[in-house]
Amino acid sequence: MTAMPERASRFPRISAMPQRGRISWFEIVLLTSCAVWVGFGLAPALQDVAVLSFLFAGLGLAWNIAGGCAGLISFGHAAFFGIGAYTSTILFQSYGITPWLGIFAGAATAAVAGAVLALICARLKGPFFILSSLAFAEVVRIIALNWPSVTGGAEGLSIPPVPDLANMVLGSKPAYEALTLIYLILAYAVMRWLEASRFGFYLFAVRDNDDAAAAAGINPLMIRSSAMALSAALTGVGGTLFAQYFLYLDPTYVISPELSFQFALLPAVGGLGTAIGPILGSFLITPLSELLRANLGNAAAGLHLVIYSAGLIVVMLYFPAGIAGALEKLKSRKPQP
Amino acid sequence: MNTIIQLVISGLLIGSIYALMSIGLTLIFGVLRVVNFAHGEFLMIAMYAAWAFSKLLGLNPYVAAIAVVPAMFLFGALVYRLVIGSALEKPHLVVVFATMGLSIFLQNIALMAMTADLRDVPPIFGRSISIGHVFIKGELLLGFIITLACTIALQWVIKYTFLGKAIRATVQDGEAAKLMGIAVPRIFLITFATGSALVGLAACVMLPLFSVFPTVGLNFVLIAFVIVVLGGMGSIEGALLGGFCVGVVQSVGSYYVAPAFGQLFFFVLFLLVMIFRPNGLFGQKGAATLGMNE
Amino acid sequence: MSALLEVQGVSRTFGATRAVDNISFAVRPGELLGLIGPNGAGKSTLFNLIAGVMPPSGGKIVLDGTDVTGSKSYDMARAGVARTFQIPKPYRQLSVIENVMISAFLRQRSMADARELAGLTLSDLGLAPYRDRPASELTVGLLKRLEVARALAMQPKLVLFDEIMAGLTPTEVGGMTEIVAGLPARGITVIWVEHVLYAIMKTATRMVVINRGRVIAEGAPAEMARDPAVVKAYLGEEMQLA
């Protein structure tokens, strides 16, 4: 244990364990391991799970910008996910625009939607905001379901499963792993940037105390809208990646309350408002839920969800600060040098 | 013209039943300041219970209420003890996630126990009652009457009994209430359990009209939320009037546009209320910003 | 010398109550103006009107020659008006220095500059030992000092103090009084609402006494103590009969 402080002083800006405002060895090791995993094409049987884990980690980080950092707990983020996915897919199918460009259009459209939601909910806090975000997502879903000429209605949209690099239809699972890992790292980088920037600090201020922030010269509505727009844009990017992986968009899943819940759950379990939280949350829960679904989904319909949700309740009651919070507590129990 | 009258009347009646299922939610929010995201699942469980009593004992669901309502009261108390109580003093989102988790838990327990098959009870009333040119289903009318009776009874309890006063005191100032010797946690428990009991009553009234299946709660919980917000969190009269609004909007909307758009209309209605009157039509001032940042 | 802040015929009604009734006064640069009055006099409402928390129902507020009537609190902050909160409102999940940095960001764009300014401000207020502690861990006395630190880190022209002495020990009151007294020398004008009278009477250069939403006396602190209207306002009508 005494070796640690010496090493930390040689690299003063990198801490041992995850912390706000600092990159830690823990994350460097974690992310490098992921890159190695992908680069060497390890564990082919788990590639599906890896793609989903990376994707959801990125989505959790995106949600966290609004939820954990700005205090905007939204249960309607699937709307932004869907908007991103549908925008790029529609642009591809109807106008032949490659998803490599469509992904930006999707992000931009989602960002606008995010700003709109924040403006609608300008005066709302707490459960009212949550409910409004739910209603918002439902409106988007109903529109997607009932506009067949544009969105394919209940049948959804599909992309031909023909490998086509120019149009983001990658041929192999490891390629998708790489793509989603890049997304994860991008979202992580945005999060770390927030922690080290004035804008990010303003998010925390608005989260913790609106009135004090206004007295300090911050316009809370502007900050909330920007945070939501950024969060929505990143979520929309994830949506496009999802569309390009599964090659099929089903509105009842893609814009569902269950999916919205998932985006919020991962950061909550991993540690709200932290950079490492959503990553830990996804790496823990995504494989677990896939595992449970694979093994128990057949045994008794719903058993895996019973276990999953019971576990969630227990975690929320006993570890409200999430895994990252528990790590913090462990860290502060270590004897001081 | 007749069509409109028919639609509005049906809308008001079904709306009253929606209101009955929402009163518990608004009561719980008004007193505990928490939104129970598992509210729909409480309704689902109660509907299954009503169905079971019906099927097993040959009772009709209205009579089964005698058993279902107390059972739901106990169920609510149990959930409060196990989950809600300890979540209350933690950060706000613990309750949100815990009740969401509870929602998924209950849905899947029901799925495992009862399978996804729709269950319903045979109609109680033979044919619709007709008043002038308007046809009213007996189940709807009875539901409306029960809702009114229940609302009046609740208002009486809140205004004239000690329990009611204790509840009002807790709503206005929890700290002061504690200092006056009111056992606030006990009030919370009783309120939560009562809210659940009310859901039980609603379930008995709804079973003759709707089938029950494990995810039926999802359909209704969003309706309940819209009603509660419209009427103002914590207002019982508000829930009733909110229910009427929603019932009529859905009834008229579904008829003139596709049924899905009926749903869309009331979500849009919800968002409009959030923009312009976040405290609802009858809610407490400042309700929209309750509980945050302090 | 022209006024930094002018309050002209300002009123504020809540329903049927006139909390602030046609109040006018001016504050010159470098003044340390004390605003006192019995409970319910309307001091807080007046305070909040100047801070931009709510618009006046009537009248004008002019800051440095510009009409700022009805400006929101963040606009007032950007115009150079800082305020403290009577019940401290810290950012609970942030550390003490981060709390101050949020305010420092108003005038300092970079992280490094904001952190430096925040650090200096904390030292000025004796809060340096608590730099990295979460704000949620501080006692009330320290939180009140944090409020002051946050206000000062905004590098304001005018600072509004709202009962910063309440709940402090006599030693703390002494320390805080020193800090406040030193502000005009640093080019910061002060409007100070306070109940702890001995502190404010010692330090203020001018006093305004408010009762029932109106100004009832204005002048040097020593005069206020002798003014019969002021005595009556504080001690009540009954004392007249005795």
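Residues numbered from 1 in each chain as written. Chains lettered and ligands numbered in written order. Predicted model: local features only at pLDDT ≥ 70, side-chain atom pairs only at ≥ 80, totals over all residues.

A. Quick peek at the overall build of chain C. Check the secondary structure of chain C and you find 10 helices and 10 strands. In terms of C-alpha radius of gyration, chain C reaches 18 Å, essentially the compact-globule figure of 18 Å for 242 residues. Taking the principal axes of the C-alpha coordinates as reference, chain C spans close to 60 × 40 × 35 Å. Classification of the 242 residues of chain C by burial places 45% in the buried group. By sequence separation, contacts in chain C at least 24 residues apart represent 65% of the contacts at least 6 residues apart. (Helix = DSSP H or I, 4+ residues; strand = E, 2+ residues; numbered from the N terminus. Rg over C-alpha atoms; globule rule 2.2 N^0.38 Å. Buried ≥ 20, exposed ≤ 12 C-beta atoms within 10 Å, placed from the backbone. Contact = placed C-beta atoms within 7 Å.)

B. Representation of the overall build of chain A. For chain A, the helix and strand inventory stands at 16 helices and 4 strands. Its C-alpha atoms give chain A principal-axis dimensions of roughly 65 × 50 × 40 Å. Here chain A holds 337 residues, and the buried ones make up 55% of them. Of the contacts made within chain A by residues no fewer than 6 positions apart, 74% connect residues no fewer than 24 positions apart.

C. Representation of the interface of chain B and chain A within the structure. Contacts between the two partners involve 42 residues from chain B, matched on the other side by 37 residues from chain A. Within the residue set of the side of chain B that touches chain A, elements represented by two or more residues are helix H3 (61–87), helix H4 (92–114), helix H9 (216–231) and helix H11 (259–276) of chain B. With 15 residues, the top contributor of residues to the side of chain B that touches chain A is H4(B). Looking at the side of chain B that touches chain A, its residues break down into 33 nonpolar, 8 polar and 1 charged. (Nonpolar A, V, L, I, M, F, W, Y, C, P; charged D, E, K, R; others polar.)

D. Fine view of the domain arrangement of chain C. Residue and element names in this part refer to chain C. Its domain assignment divides chain C into domain 1 (1–80 + 156–242) and domain 2 (88–155). Placing a centre on the C-alpha atoms of domain 1 and another on those of domain 2 gives a separation of 25 Å. Taken together, the contact between domain 1 and domain 2 spans 11 residues of the former and 11 residues of the latter. Contributions of two or more residues to the side of domain 1 that touches domain 2 are made by helix H2 (73–78) and helix H6 (170–181). At 3 residues, the largest contribution of residues to the side of domain 1 that touches domain 2 is made by H6. (Domains from an automatic or database assignment.)

E. Molecular detail of the arrangement of the chains. Ranked by contact count, the leading pair among the 2 pairs of chains in contact consists of chains A and B. At the C-alpha level, the nearest point of chain B lies 9 Å from chain C, with no contact between them.

F. A look at the confidence of the model for chain C. All names here are of chain C. Summarising the model, chain C shows a mean pLDDT of 89, and 97% of its residues fall at 70 or more. Here residues 238–242 is modelled with pLDDT under 50, and outside its nearest four sequence neighbours on either side it reaches 1 contact, counting other chains as well. ipTM for the predicted complex: 0.90, alongside a pTM of 0.86. (pLDDT = per-residue confidence, 0-100.)

G. Quick peek at the sheet that holds strand S5 (residues 66–67) of chain C. Residue and element names in this part refer to chain C. Across the sheet, which stays open at both edges, the 4 strands sit in the order S2-S1-S4-S5 with antiparallel pairing between neighbours. On the outer flanks of this sheet lie strand S2 (17–27) and S5, each paired with one strand and no other. Looking at chain direction, strand S1 (residues 5–14) and S2 are connected through 7 bridges and run antiparallel. Note that in S2 the partner of Arg 12 across the bridge is Val 20. Across the sheet, helix H1 (residues 43–51) touches S1, S2 and strand S4 (58–63), and the angle it forms with S2 is around 60 degrees. (Pairing = 2+ DSSP bridges. Axes fitted to C-alpha atoms, helices over the stretch in contact; angles between N-to-C directions.)

H. Here's a closer look at the interface of chain C and chain A. Across the contact, 21 residues belong to chain C and 15 residues belong to chain A. Secondary structure elements with two or more residues in the side of chain C that touches chain A: H2 and helix H3 (96–104) of chain C. By residue number, the principal contributor to the side of chain C that touches chain A is H2(C), which donates 4 residues. Partitioning the side of chain C that touches chain A into residue classes produces 12 nonpolar, 3 polar and 6 charged.

I. Quick peek at the pairing of strand S3 (residues 32–36) of chain C. All names here are of chain C. For S3, a buried count of 5 out of 5 residues is recorded, marking the element as mostly surrounded by other parts of the structure. Burial along S3 is two-sided: Leu 32, Gly 34 and Ile 36 facing one way and Leu 33 and Leu 35 facing the other are all buried. Relative to strand S8 (residues 189–193), S3 runs parallel, the two sharing 4 bridges. Residue pairing across strands places Gly 34 opposite Trp 192, the latter belonging to S8. With 4 bridges connecting them, S3 and strand S9 (residues 206–211) associate as parallel partners. Counterpart to Leu 33 in the pairing with S9 is Arg 206.

J. Inspection of the nonpolar core at higher detail. Counting residues in each nonpolar core, the largest one holds 293 residues, and the members touching the most others are Ala46(B), Met47(B), Ala50(B), Val68(B), Ala202(B), Ala203(B) and Trp192(C). Lining this core are residues from two domains, each supplying at least three of them: domain 1 (1–80 + 156–242) and domain 2 (88–155) of chain C. Sequence-distant contacts of Ala50(B), that is, excluding residues within four places in its chain, are made with Pro61(B), Ala64(B), Val68(B), Ala203(B), Cys204(B) and Leu207(B). (Core = buried A, V, L, I, M, F, W, Y, C linked by C-beta atoms within 7 Å.)

K. Representation of the packing of H3(C) against helix H4 (residues 111–124) of chain C within the structure. Residues and elements named next belong to chain C. Interhelical geometry of H3 versus H4 gives an angle of 115 degrees and a closest axis separation of 8 Å. The chirality of how H3 crosses H4 is right-handed. In this structure, H3 uses Val 96, Ile 97, Val 100, Met 101 and Ala 104 to contact H4, whose residues at the interface are Ala 114, Arg 115, Leu 117, Ala 118, Gly 119, Thr 121 and Leu 122. Looking at the contact of H3 with H4, its residues break down into 9 nonpolar, 2 polar and 1 charged. (Left-handed = near helix turned anticlockwise from the far one by under 90°.)

L. Geometry of helix H5 (residues 99–120) of chain A. Here H5(A) is 22 residues long and its end C-alpha atoms lie 30 Å apart, about the 32 Å a rise of 1.5 Å per residue gives. Turning to H5(A), its buried residues number three or more, namely Pro99(A), Gly102(A), Ile103(A), Gly106(A), Ala107(A), Thr109(A), Ala110(A), Ala111(A), Ala113(A), Gly114(A), Leu117(A) and Ala118(A). (Expected span 1.5 Å × (residues − 1).)

M. View of helix H10 (residues 236–256) of chain B. Compared with an ideal rise of 1.5 Å per residue, which puts 21 residues at 30 Å, H10(B) spans 30 Å between its outermost C-alpha atoms and is within 8% of the ideal. Along H10(B), 16 of the 21 residues are buried, which leaves the element largely enclosed by surrounding structure.

N. Inspection of the sheet that holds S8(C) at higher detail. Residues and elements named next belong to chain C. Strand order in the open sheet formed by 6 strands is S6-S7-S8-S3-S9-S10, and the pairing between neighbours is mixed. Every interior strand has two partners, whereas the edge strands, strand S6 (81–83) and strand S10 (214–219), have only one. In this sheet, adjacent strand axes meet at a mean angle of 20 degrees when their direction is disregarded. Pairing geometry for S9 and S10, over 5 bridges, is antiparallel. For Val 208, the partnering residue across the bridge sits in S10 and is Glu 218. In the packing of H1 onto the sheet, contacts are made with S3, S6, strand S7 (158–162), S8 and S9, and the angle to S7 comes to roughly 150 degrees.

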